[in-house]
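# Fold and contact review
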Amino acid sequence: MSSAFRIPSAGRLSQVRTARFSFDGQSYTGIEGDTLASALLANGVHLVGRSFKYHRPRGVLSAGAEEPNALVQIVRDDARKTPNVRATVQELYDGLAANSQNRWPSLSFDVGAVNDLASPLFSAGFYYKTFMWPKAAWKSLYEPKIREAAGLGVSPDKPDPDHYSSRYAHCDVLVLGGGAAGIAAALAAAETGVRVILADEQAEFGGSLRFESGAKIDGQGGFAWAQAAIAKLSAMDNVRVLSRTTAFGYYAQNFVGLVERVSDHLKAPGHDLPRERLWQVRAKCVVLASGAIERHMVFANNDRPGIMLAGAARTFLNHYGVAVGRNVGVYTANDSAYAAAIDLKKAGVNVAAIVDLRDNPTGPVIDEARALGIEINFGRAVIRAGGKLRVSSMTVQPKNGGGERTIPVDAILMSAGWTPSVHLFSQSRGKVAFNDETKRFVPGTYAQDCVSVGACNGTDGLSATVDEAYAAGAKAARDAGGKTAKGTKPKVDGSENWSRGMLGAAPGAGPDTTVKAFVDFQNDVTAKDIRQAVHEGMRSIEHVKRFTTNGMATDQGKTSNMHGLAIAAETLGKPIPEVGLTTFRAPYTPVTFGAIVSHARGPLFDPTRKTAIHPWAEAQGAVFEDVGQWKRAWYFPKAGEDMHAAVDRECVAVRTNAGLFDASTLGKIEVVGPDAAKFMELLYTNPWEKLEPGRCRYGIMLREDGFIYDDGVVGRLAPDRFHVTTTTGGAPRVMNHMEDYLQTEFPHLNVWLTSITEQWAVIAVQGPKSRDIIAPLVEGIDMSDEALPHMSVREGKICGVPTRLFRMSFTGERGFEVNVPADYGQAVWEALWAEGQKHGATAYGTEAMHVLRAEKGYIIVGQDTDGTVTPNDAGLDWAVGKKKADFVGIRGLTRPDLVAKGRKQLVGLKTKDPKVVLEEGAQIVEDPKQAIPMKMIGHVTSSYWSQNCGRSIALALVAGGRDRMGDTLYVPMPNGVIEVEVTGMVFFDETGGRLNG
Amino acid sequence: MLLIRCPYCEEERPELEFRNAGEAHIARSANMAGESDDDFEKFFFIRSNPKGIIYERWRHMHGCARFFNAVRDTVTDKFIMTYKAGEPKPSKLPKNSNEVVAK
């Protein structure tokens with residue numbers, strides 16, 4: 001079935017390969033190779049959306065990535081509902097379903113269009129001025145309502161089911177843009193043998209050769225030449241050709257981000273293909289061949305559906321075989337629109353009139369149009385368009401005033417000229433320069449190894465473009481070490497040539513009328529808004545932009561920025577370069593989160609670290625918690641137990657019999673070498689030289705500022721060998737801290753540092769029965785209290801495998817930490833577990849571990865300290881070697897603020913009501929009756945229910961805490977004030993007798 | 001993403017392998033405990049934060065793990081040179097890559 005506006009003799013699509021699609025539930029037929037826009041236009045559908053603010057009916061403006069109006073929602077299934085897809089970019093596939101956006105109840109009857117009538121209220125800056133009072137209403141009332149009324153598509157509400165991929169690539173010459181310039185540059189570079197990547201955002205290469213019917217290269221039509229050249233390049237081993245690939249960002253050191261749309265154009269992509277692929281390319285030289293974007297004319301009602309860029313209408317005709325109307329008008333300020341009129345006329349479309357703002361232009365296209373019998377009006381302006389859901393007429397007037405004449409049309413083709421696409425050049429930190437003669441910004445000063453060629457460089461005409469691009473490609477290749485080229489430069493036999501045009505508002509835009517002459521279609525910014533911004537005091541273009549939102553929509557002002565700038569400059573009475581250009585920022589076109597995130601989501605978002613004993617804990621039904629990247633067993637619930645019941649049982653069992661705890665995640669670093677003790681002296685506050693081999697010591701590490709950085713038990717295995725433990729979360733930074741000092745401050749010390757965290761599995765066996773459980777499995781270690789006292793370490797064997805057996809305790813009970821090679825971790829655990837069963841042992845998790853250590857007042861660095869706590873604040877002054885000449889932090893500890901009175905000190909807190917458990921982080925005050933804001937003197941750092949103590953316990957940092965023993969303080973909470981008593985930090989077994997119990 | 005030349009590996013590697021470690025050439029006193037408050041303040045808290053050339057430390061964290069020094073231009077983000085830890089602050093820099101390439 002042929003669609004009404006399809007012209008069989010025009011375009012390049014095969015008419016037999018049809019594709020069915022729907023728009024707002026209505027079924028249509030298109031052709032494979034169509035975009036959604038061309039397929040809709042082929043069916044006579046121009047009305048495709050409603051505008052952002054005024055809900056005005058909108059049609060297709062362009063035929064490419066710059067499209068501001070034709071944004072639709074593509075619905076593949078329940079989870080795949082992509083909003084804000086440009087219909088001019090979306091390729092048609094059989095079964096495509098699209099919906100219009102920002103309208104209710106329907107596209108042709110939209111209640112929100114009342115905003116258009118009320119538009120005097122909604123002019124520039126209206127949000128800032130109108131919704132000031134009452135302040136609280138902004139969040140609760142104004143913002144939600146505005147967001148509901150203004151807007152684009154609807155975000156999908158389900159997780160993205162597609163997958164995305166990511167590749168890194170290096171090349172000698174990266175060519176961005178696959179029109180005549182890009183292809184010529186790529187050919188020149190590729191022929192020298194260097195590695196070339198050529199990328200273009202379109203499905204087919206050719207750029208403006210898609211519509212330039214006058215282009216002839218190497219004896220063929222321009223588009224046919226492009227396809228032949230691409231076929232040749234694709235066949236070369238040193239060339240990678242990427243279509244449907246947008247270079248969206250140009251970063252430092254010639255690093256360019258590109259997104260390849262792999263499967264959005266396919267009917268059934270299948271699971272093998274990613275939806276998109278992110279390319280991160282490092283190039284020796286980048287050739288920018290990004291072309292130019294046509295500007296619209298700024299006149300009243302220039303946004304009516306059916307009014308579009310002349311080049312777009314020409315693309316729809318010459319590439320897709322679609323006539324955008326049957327009786328079209330043309331409104332232009334440069335030659336290029338004539339070519340569109342000529343092509344349409346030749347295809348059988350009536351051209352009602354060409355209205356040219358220029359006075360007496362001459363040139364071959366004008367002669368040709370006249371010869372075809374097209375009416376041409378010089379020195380006249382279209383002052384407004386008629387029609388609402390579709391343009392119905394254009395009203396013409398001499399540009400200096402005079403009689404009006406209204407011409408019926410069903411489409412208007414407009415062209416104010418072409419803006420070089422300097423986006424990527426500008427992103428590369430290059431500086432643009434304004435050419436006063438051609439009224440355009442072109443690349444000026446370069447900051448990176450790149451070169452602009454063709455239309456984006458302000459080069460006019462196909463012949464000059466190909467010459468420039470071919471030379472640039474050859475030079476880039478030569479600079480990258482390429483051989484002398486064997487190829488020949490493409491010969492341009494036919495060329496179209498147009499430049500110039502106009503910037504800013506045309507006569508139909510005002511100056512002081514209330515008409516809507518749109519500058520920025522997507523954000524509904526009119527010429528009047530920009531003038532108003534200047535009148536209200538905005539002087540910088542950056543302020544004008546933010547006040548009016550001109551250029552701030554998802555199209556980033558590709559069609560609007562230059563008009564907006566010119567209107568502001570004119571209103572200010574300043575030349576354009578003095579007003580300045582807003583900064584171009586990545587991304588060039590919107591990039592999906594999926595492409596950036598790629599595979600790094602779900603389980604692959606961050607590595608998960610599991611201990612050797614993890615499978616056992618999992619089989620026992622442990623509940624796990626995340627500690628950094630580690631999964632740690634939190635508690636081991638038995639049938640019917642909640643967390644509290646399980647933790648209470650585990651805590652009591654450890655103190656009654658024994659408990660097994662997987663401490664493998666503890667950071668472990670081996671410090672080895674003749675100067676190992678000297679190094680330890682410098683990195684920790686404690687003295688180490690006199691620690692005998694076989695003994696352990698609790699060590700504190702400071703930063704230079706005197707604050708606690710990490711802590712852990714250190715065992716000396718030999719005079720030149722220390723087994724250092726760190727906090728679980730601190731292991732990497734402690735290693736970095738040690739390496740930093742060893743490499744840069746103390747390089748004279750003969751020491752090696754090795755991370756051994758993952759080499760040793762650690763099984764803590766704690767409790768009165770712990771020795772009975774371990775002893776039967778150990779060989780070669782005397783387990784008596786005399787031979788192996790508290791805080792000692794021995795090497796021997798357990799279950800036949802090597803062990804470093806520490807006698808140490810983080811529970812206050814007799815305790816051991818059994819280190820075995822990680823490969824044997826689970827086997828040794830299971831052997832100990834079997835022994836433990838004979839003695840009533842339990843497995844306990846991190847929560848019970850926390851409670852048990854808090855019962856003894858043992859601190860956790862990072863929970864009870866926060867980077868502003870000194871050893872003295874934490875009650876650990878005993879661990880600082882007073883006779884030492886130097887250690888990291890020694891000077892920091894004597895800073896005036898660190899020795900001042902009234903510092904926050906760690907103390908214990910007991911609630912007056914023993915059943916009340918404080919909230920960690922809760923603030924503490926002296927007088928609960930004082931006025932708000934109260935003076936806060938500290939906060940709770942650790943708080944638990946202790947089944948062993950039969951009451952709640954807490955640790956807190958309190959100003960002057962140790963001088964407040966026995967005092968009553970208060971913790972104000974939303975449900976009332978909690979009374980607490982300041983106590984020592986040890987809540988259980990204050991004498992420490994149980995360490996040998 | 002920047003490419004950084006590790007002076008130990010003698011290779012340009014992607015920024016992902018490296019970690020910045022703050023300003024370079026700030027020596028820790030041999031008599032740390034005896035430093036005055038003013039000197040300690042200068043040593044620990046005061047940093048130059050220049051617009052332009054900065055001498056800074058980097059670590060080839062996911063490579064050879066060595067700390068080294070670099071000269072970088074904070075305006076262009078360009079690395080002018082890198083050199084090994086312990087080597088003196090270069091008295092003369094190679095041609096300033098801050099210069100823009102005129103085409």
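Scroll up to find the structure.
Residues numbered from 1 in each chain as written. Chains lettered and ligands numbered in written order. Predicted model: local features only at pLDDT ≥ 70, side-chain atom pairs only at ≥ 80, totals over all residues. Heavy atoms only, no water.

## Concerning the overall build of chain B
Rules: Helical segments are the DSSP runs of H or I of at least four residues, strand segments are the runs of E of at least two, and each set is numbered from the N terminus. Accessible area is worked out with a 1.4 Å probe on protein chains only. A residue is then buried under 20% of its type maximum, exposed over 50%, and partly exposed in between. A contact between two residues is defined here by any heavy atoms of the two lying within 4.5 Å. Computed by Shrake-Rupley with a 1.4 Å probe, the accessible areas treat only the displayed protein chains as cover when residues are assessed. Under the convention used here, Asp and Glu are negative, Lys and Arg are positive, and both His and the chain ends fall outside the count. The atom standing in for a charge is NZ when the residue is Lys, CZ when it is Arg, CG when it is Asp and CD when it is Glu.
Regarding its fold elements, chain B presents one helix and six strands. In chain B, the succession of helices and strands from N to C terminus is β-β-β-α-β-β-β. By principal-axis analysis of the C-alpha atoms, chain B measures approximately 55 × 30 × 25 Å. Looking at the 103 residues of chain B, the share that counts as buried comes to 31%. Of all intrachain contacts in chain B linking residues separated by at least 6 positions in sequence, the fraction that spans at least 24 positions is 42%. Accessible surface, chain B: about 6,000 Å² in total, of which carbon and sulfur atoms supply 49%. Here chain B contributes 17 positive and 16 negative side-chain charges, whose respective centroids are spaced 5 Å apart.

## Structural notes on the interface of chain A and chain B
Going by this rule: Values labelled buried area give the accessible surface lost by two parts on being combined, using a 1.4 Å probe and summing over both. Salt bridge, as used here, is a side-chain nitrogen of Lys or Arg placed within 4 Å of a carboxyl oxygen of Asp or Glu. Pairs of N or O atoms are called polar contacts if they sit within 3.5 Å, as long as, within protein, a hydrogen donor faces a hydrogen acceptor (for residues adjacent in sequence, only side-chain-to-side-chain pairs).
Listed by partner, the interface residues are 33 residues for chain A and 29 residues for chain B. Taken together, both faces of the contact between chain A and chain B bury some 2,700 Å²; the carbon and sulfur share is 51%. Between the two partners, chain A and chain B, sit four salt bridges. A salt bridge links aspartate 37 of chain B to arginine 891 of chain A; the nearest nitrogen and oxygen atoms lie 2.3 Å apart. Taken together, the connections running from chain A to chain B amount to 13 residue pairs in polar contact (both at pLDDT 80 or more). When contributions to the side of chain A that touches chain B are tallied by element, the ones reaching two or more residues are strand E28 (450–452) and helix H20 (731–745) of chain A. Sort the elements by how many residues they give to the side of chain A that touches chain B and H20 of chain A lands first, with seven residues.

## Re the packing of aromatic side chains
Note the threshold: Classification of ring pairs uses Phe, Tyr and Trp, with its six-membered ring standing for Trp, and accepts pairs whose centres are within 6.5 Å; under 30 degrees between planes counts as stacked, over 60 as edge-to-face, and the remaining range as tilted. Either the NZ atom of lysine or the CZ atom of arginine qualifies as a charge over a ring when it sits within 6 Å of the ring centre and within 35 degrees of the ring normal.
Inspection of the entire model under this criterion finds 23 aromatic pairs over all chains. When the ring of phenylalanine 661 of chain A is compared with that of tyrosine 844 of chain A, the centres are 5.1 Å apart and the planes differ by 20°; the resulting orientation is stacked. Separated by 183 residues along the polypeptide, phenylalanine 661 of chain A in strand E34 (residues 659–662) and tyrosine 844 of chain A in the loop between strand E45 (842–843) and helix H23 (846–855) bring together distant segments of the chain. When the centroid spacing of 5.8 Å and the interplanar angle of 80° are considered together, the rings of tyrosine 684 of chain A and tryptophan 688 of chain A count as edge-to-face. We classify tyrosine 684 of chain A as buried; its relative accessible area is 0%. A cation over an aromatic ring shows up here: lysine 558 of chain A above the ring of tyrosine 588 of chain A, its NZ or CZ 4.4 Å from the ring centre. Positioned above the aromatic ring of tyrosine 55 of chain B is the side chain of lysine 89 of chain B, whose terminal nitrogen or guanidinium carbon lies 4.6 Å from the ring centre.

## Section: unusual backbone geometry
The omega torsion across alanine 586 of chain A and proline 587 of chain A is 0°, close enough to zero to call that bond cis. Among the structural elements, proline 587 of chain A can be located in the loop between helix H15 (576–579) and helix H16 (593–597). Here the residue pair isoleucine 932 of chain A and proline 933 of chain A is connected by a cis peptide bond, since its omega of 0° sits within 30 degrees of zero. Not every positive phi belongs to a glycine, and aspartate 524 of chain A is a case in point at roughly 55°. You will see that aspartate 77 of chain B, though not glycine, has its phi angle at about 70°, which is positive. Structurally, the position occupied by aspartate 77 of chain B is in the loop between strand E5 (67–73) and strand E6 (79–84).

## Overview of a nonpolar patch on the surface
All names here are of chain A. Operational definition: Candidates for patches are residues over 30% relative accessible area with no salt bridge; among them, like charges are joined within 9 Å and nonpolar side chains (Val, Leu, Ile, Met, Phe, Trp, Tyr) within 5 Å.
Together, Trp104, Phe109 and Val111 make up a nonpolar patch on the protein surface, roughly 380 Å² of accessible area in all. Inspection of the secondary structure assignment puts valine 111 in the loop between strand E7 (96–99) and helix H2 (114–117). Taking relative accessible area as the criterion, valine 111 reaches 42% and is therefore assigned partly exposed.

## With respect to the environment of glycine 730 of chain A
Residues and elements named next belong to chain A. Its location among the elements puts glycine 730 in the loop between strand E38 (721–726) and H20. Residue classification places glycine 730 among the buried positions, given a relative accessible area of 0%. C-alpha separation for the pair glycine 730 and serine 27, spaced 703 residues apart in sequence, amounts to 62 Å.

## With respect to the sheet that holds strand E17 (residues 307–309) of chain A
Residue and element names in this part refer to chain A. We apply this condition: Between any two strands, at least two bridges found by DSSP are needed for them to pair. Helix axes are fitted to C-alpha atoms over the stretch in contact, other axes to C-alpha atoms as well, and angles between N-to-C directions run from 0 to 180 degrees.
Within the open sheet, the five strands sit side by side as E17-E24-E18-E19-E20. Their pairing is parallel. Two strands close off the open sheet at either side, each with one partner strand: E17 and strand E20 (376–378). Shown here is a sheet whose adjacent strand axes are inclined to one another by a mean of 20°, direction ignored. As judged from the three bridges shared by strand E19 (residues 350–356) and E20, these two strands associate in the parallel manner. Directly across from isoleucine 354, in E20, lies its bridge partner isoleucine 376. Against the sheet, helix H7 (residues 310–318) engages E17 and strand E24 (411–415), with an angle of about 85° to E17. Packed onto the sheet, helix H9 (residues 364–371) meets E19 and E20 and runs at close to 135° relative to E20.

## Things to note about the packing of helix H5 (residues 180–190) of chain A against helix H6 (residues 222–234) of chain A
All names here are of chain A. Formally: If you view the pair so one helix is near and one far, a crossing is left-handed when the near helix is turned anticlockwise from the far one by less than a right angle, and right-handed when it is turned clockwise. Lys, Arg, Asp and Glu make up the charged group, whereas Ala, Val, Leu, Ile, Met, Phe, Trp, Tyr, Cys and Pro make up the nonpolar group; the residues left over, Gly among them, are polar.
Packing of H5 against H6 brings their axes to within 10 Å, and their N-to-C directions diverge by 30°. Crossing handedness for the pair H5 and H6: left-handed. On H6, the residues that touch Ala180, Ile183, Ala184, Ala186, Leu187 and Ala190 of H5 are Trp225, Ala226, Ala229, Ile230, Lys232 and Leu233. The class makeup of the residues in the contact of H5 with H6 is eleven nonpolar, no polar and one charged.

## Considering the environment of tyrosine 588 of chain A
Residue and element names in this part refer to chain A. By secondary structure assignment, the location of tyrosine 588 is in the loop between H15 and H16. As a C-alpha pair, tyrosine 588 and threonine 246 span 342 residues in sequence and 8.1 Å in three-dimensional space. Among residues more than four places away in sequence, those in contact with tyrosine 588 are Glu201, Thr246, Ala247, Phe248, Ile293, Ser421, His423, Gln427 and Lys558.

Honestly, it's all geometry; don't read function into it.
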